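Below, each chain spelled out in residue letters.
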Amino acid sequence: MGAKLNGQAYTTAAVKQFRFKEKYTLFLMALPFLVLVFLFAYLPLYGWIYAFYDYRPGIPLSQTEFVGLQWFTSLVSNPYQMEEVLRVLRNTFAISTLGILTSVLPVIFAIFLMEIKSPSFKKIVQTLTTLPNFISWVLVYSFAFMLFSVDNGFLNNLLMNMGLIERPLNILASDNHTWLSMTLWGVWKGLGWGAILYIAAITGIDPELYEAARVDGAGRFRLMWHVTVPGIMPTFFVLLILGIAGFINNGFEQYFVFSNAMNMSKIEVLDLYVYNVGVVNNNFGFATAVSILKSIVSLILLFAANSLSKLVRGEGVI
Amino acid sequence: MTKRKKWTTAAFAIIAMFVFLSACSGSAGSNSGSNKGNNAGTEVSTDPSQQSEITLNVFSNLANYAGEQPGWFAKLVKDKFNIKLNIISGGQQKASTMMAAGDLGDIAVAIDIKDAIKAGLLLDWNKDGLLDKYGPALKEYAGESLEANSKQYGGGTAVYAVGNNIGSGDGPSEGAKMTYGPMLRWDLYQQLGSPEIKTLEDYLAVIKQMQELSPKSDSGKPVYGFSLWSDWDGVMSVNVKAMGQFYGFNEGDGFNIAELMMTKADEAKWQGVLDEDSYYMRGLKFFFEANKMGLLDPDSLTQKFPDVVNKYTDGQVLFAQFPWLTDGYNTEDRLSAGKGFAFVPFTEEKVFSSGYNPYGGTWHWVIGAKTKHPERVMQFMNWLYSPEGVQEATAGPKGLTWDIVDGKPTLTEFGYQAVSNSVDMPAEYGGGKFSDGGNKINNSTLTTSMINPETGEPYDYTMWSSYLNNKPDPVTKSWREAMGAVTMKDYVVKNNKVAVQPPYFSEQAKAEEPSDIKQKKAEVGKVIKEYSWKMMFAKDDNEFASLKEAMVTKAKGLGYDDVIKFQVDNYEKTVGAALKK
């Protein structure tokens, strides 16, 4: 610190005064962000109160019926209801697990992408793979519909013309491999985007490490394995732990646009369930109750993942 | 970094924060200050068109359009009132947001008025004698609706809303066409020699033969009997429900919250959708059989409504549950070539129809409590409910698309072309097609099949004698000869094939839905929707039966019986009791 470097020239009082001022300054600098965090992360927690009311938009809470824990207990009110909740949780966990498993794909993709020598080809590949991230799920679905619809879908036309199938396949209205196909759509959309952080991490690796390894006789794959991979491991673990914390929030849009009666029992994840039961019917109390439960589960998962990381790698992110 | 620089950074960060915060409150402010118009506007001139220009924010739950009202309707309103309409569309979620924000804009349409009144978001039309001063037509033509609303929601003194679709008289309130069909491709049906159709299920064999006659559409795609869509489904499939509507049963009872039951229009009869012999179950079986015969579009489950419209337009579908589905196919070119959809009823049919209702429907028109221009909003609403307003909103500007010829309202030469959307409207009327320039609020005021006292004929131009006698196309001509009637409504009335729901009035507002019933209904509805589609596409009879059993077991397990009990109790106390008398 500046005060220490020039310590001899100041009296103790002056140092103290300066430290006081410095603290003040640092606090002021952080203040705007603290306010923002408070406004956007803590203030909304006040909204949890709606979980205990039969809230109707426009009517103040004081005039709203207090229902206590009704929305929470309704989730487990009878065997059929519990079966529904379990089914939804099963879908959420299955799709999230597949999502976590496929989160190594952007790492692999980034490593191989960085090995491409031709800069223009590299750029093209990166642009083409990043682009899908910016297409909304609604458009992705209309694209999927064009490809896979029974009546005049591209795939069915192709297969029929080639004489490979006799009856058109109804791929979108089927509950075979729903979890897997949803994951694949997610990978297609997020691969290039997910790789950006790793590419940045790879660029940050000290070139001397590569040179030293090369001097030691390492080939291309050994360089990748012994220099690049350890170099981006910290980034990967931070994202993995955050990913585990978001295990239960695996999104809504994708499942909403792809859902239909045939695949509903497999595709209905927690967020979609809350939408179908809560939001569609203006039942905001129920929707809030589920989101409280979600937040609690996310917190538990985050700390669990963090302790696991401490145990395995000797360091966590929190 | 010097001290000074640090302070600069800190100051900059603080300023940035203020910008953030003021941006937040700024947007909130512009949301709550709903009026775009810049004048406080309490002054009201005797000639409404001489007042300063204002923009009214109109929220409509029924609008399929967002933004400033375009076209000829915008010009009418601008010329008469110097008002521009900013249409805000959006479903229940948008309505909830506006309710929670405490401001419904200037006019709102088809919202939950009970909660809005409780929240104090609606303007009392009797305040300052607003209705007396600026609403003479409302009082004259919608008086009973105003009174009923006042009794139900305003304690007999305040008036917060007026119902939609207000009319009085006997018989169906529809125009030339009914709300429910079924319609078939008339040309193909004629080619088959118009085989007799006794029950709903008889359509299947006929449609199969029609499909064999016309296996490819205009653009060479496969032709199906039926093409359905799922994106409008509430607690059941909209398309399956239509099968009940052919038999005079409709979802709910028109007054209470009662979506899991269907009630007969003109008798005190009800059925739960899951009853063994309900028309809903029969509809599921009908589409299941259709699918077995290769008549059901396999994309029905995955496509959205606009895809279905395209299929109708291309001629890929032979059967239409709702007459308005056929507009895309029945173009002038096709009709004059003798191809088109027309109403083909079955012997057992008793099509559901809403009768004229002096109290109006439940898609209420209301005025937001925070409007800055109550007088001008009332003037505009008054016009919407006046014969002049209803007539022009329906048939377009007088003198352009229609006029009085020999004492009778008649579409002009241009009007005939305009209403079939084959020419553009003139540039000074905003250009575009006639249908693009219509009233985008998309809610009715007076029933358009009522007689306009100023012309002596209905407001609806498709019911004018001049329109009906104007060189009918070959399809209409052959249909009229075969059926012995001029219009669809004419036919069902003459042949007693219609079940008309009488208006219902109660001084009590409808019963509120308890929170647990609301949630159970949502869960049950989800199961019914999902299994309905699975049943329609079941592979064989065994799968159909087992899916049906699973649906009933699951729905009952989730509380179907409790919901039905709540709904039936309300029905029997109100609408059902009235029908028994």
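Just so we're clear, the structure is a prediction, and the values are computed from it rather than from any experiment. (Residues numbered from 1 in each chain as written. Chains lettered and ligands numbered in written order. Predicted model: local features only at pLDDT ≥ 70, side-chain atom pairs only at ≥ 80, totals over all residues. Heavy atoms only, no water.)

Before going further, it helps to spend a moment on the sheet that holds strand β9 (residues 270–272) of chain B. All names here are of chain B. The three strands are arranged β7-β8-β9 in an open sheet whose pairing can be described as antiparallel. Lying at the two open borders of the sheet, with one neighbouring strand each, are β7 (249–251) and β9. With strand direction ignored, the average angle separating the axes of adjacent strands in the sheet is 30°. Here helix α22 (residues 560–573) sits on the sheet in contact with β8 (261–264) and β9, set at roughly 170° to β9. (Pairing = 2+ DSSP bridges. Helix = DSSP H or I, 4+ residues; strand = E, 2+ residues; numbered from the N terminus. Axes fitted to C-alpha atoms, helices over the stretch in contact; angles between N-to-C directions. Contact = heavy atoms within 4.5 Å.)

With that out of the way, let us pick up the interface of chain A and chain B. Listed by partner, the interface residues are 54 residues for chain A and 51 residues for chain B. At the boundary of chain A with chain B, total buried surface from both sides reaches about 4,500 Å², with 60% on carbon and sulfur atoms. Together, Arg56, Tyr80 and Asp151 of chain A form the three largest contributors to the area buried by chain A at its contact with chain B, with a combined 14%. Viewed at the interface, chain B and chain A are joined by six salt bridges. For Lys518 of chain B, the salt bridge is made with Asp54 of chain A, and the minimal N-O distance between the two is 3.5 Å. (Buried area = accessible area lost by both parts, 1.4 Å probe. Salt bridge = Lys/Arg side-chain N within 4 Å of Asp/Glu carboxyl O.)

It is worth spelling out the pattern of salt bridges at this point. Using the criterion set out here, one finds 41 salt bridges over all chains in the structure. Across the pair Glu388 of chain B and Lys80 of chain B runs a salt bridge whose closest N-O atoms are separated by 3.1 Å. Of the two residues, Glu388 of chain B is situated in helix α15 (residues 387–395) and Lys80 of chain B in helix α2 (residues 71–81); the sequence distance between them amounts to 308 residues. Lys269 of chain B is the salt-bridge partner of Glu267 of chain B, the closest N and O atoms lying 3.4 Å from each other. For Glu267 of chain B, a relative accessible area of 31% gives the class partly exposed. With relative accessibility at 42%, the residue Lys269 of chain B sits in the partly exposed group. Members of the salt-bridge network, linked through shared partners, are Glu84, Arg87 and Glu268 of chain A together with Lys526 and Lys554 of chain B. (Buried < 20%, exposed > 50% of the residue type's maximum accessible area, 1.4 Å probe, protein only.)

Once that is clear, we can look at the domain arrangement of chain A. Domain annotation of chain A identifies domain 1 (1–37) and domain 2 (80–313). Placing a centre on the C-alpha atoms of domain 1 of chain A and another on those of domain 2 of chain A gives a separation of 45 Å. (Domains from an automatic or database assignment.)

Before going further, it helps to examine helix α21 (residues 541–557) of chain B. Over its 17 residues, α21 of chain B runs 24 Å from end to end, which matches the ideal 24 Å to within 8%, given 1.5 Å per residue. Residues Phe544, Leu547, Lys548, Met551, Lys554, Ala555 and Gly557 of chain B constitute the buried set of α21 of chain B. Elements that come into contact with the buried residues of α21 of chain B comprise α4 (79–101) of chain A together with α11 (279–292), α20 (515–536) and α22 of chain B. With a side-chain oxygen positioned 3.2 Å from the backbone nitrogen of Asn542 of chain B, the residue opening α21 of chain B is Asp540 of chain B. Within two residues after α21 of chain B, Gly559 of chain B carries a phi angle of roughly 110°, on the positive side. (Expected span 1.5 Å × (residues − 1). Polar contact = N/O pair within 3.5 Å; in protein donor to acceptor, adjacent residues only side chain to side chain.)

A few words on unusual backbone geometry. Note: most residues except glycine have negative phi, and most peptide bonds are trans. Residues and elements named next belong to chain B. A cis geometry characterises the amide bond from Gly181 onward to Pro182, with omega recorded as 0°. When you line up the elements, Pro182 lands in the loop between β5 (161–164) and β6 (183–185). Even without being a glycine, Asp128 presents a positive backbone phi close to 60°. Mapping Asp128 onto the fold places it in the loop between α4 (113–118) and α5 (130–134).

Residue and element names in this part refer to chain B. In terms of residue burial, strand β1 (residues 54–60) counts as a mostly covered element, since seven of its seven residues are buried. Residue alternation in β1 divides its side chains into two sets, Ile54, Leu56, Val58 and Ser60 and Thr55, Asn57 and Phe59, and both sets are buried. Where β1 and strand β3 (residues 83–88) come together, six bridges link them in parallel fashion. By the bridge assignment for β3, Val58 is matched with Ile87. Relative to strand β4 (residues 107–109), β1 is paired through three bridges, and the arrangement is parallel. By the bridge assignment, Phe59 is partnered in β4 with Ala108.

Let us look at the domain arrangement of chain B. One frequently used descriptor of interface size is the decrease in accessible area upon assembly of the parts. Residue and element names in this part refer to chain B. Assigned domains of chain B: these are domain 1 (48–164 + 361–391) and domain 2 (183–354 + 507–580). Here the C-alpha centre of domain 2 lies 34 Å away from the C-alpha centre of domain 1. Each partner contributes residues to the interface: domain 1 has five residues there, and domain 2 has seven residues. Approximately 560 Å² of surface area, both sides summed, lies buried where domain 1 meets domain 2, with 47% of it carried by carbon and sulfur atoms.

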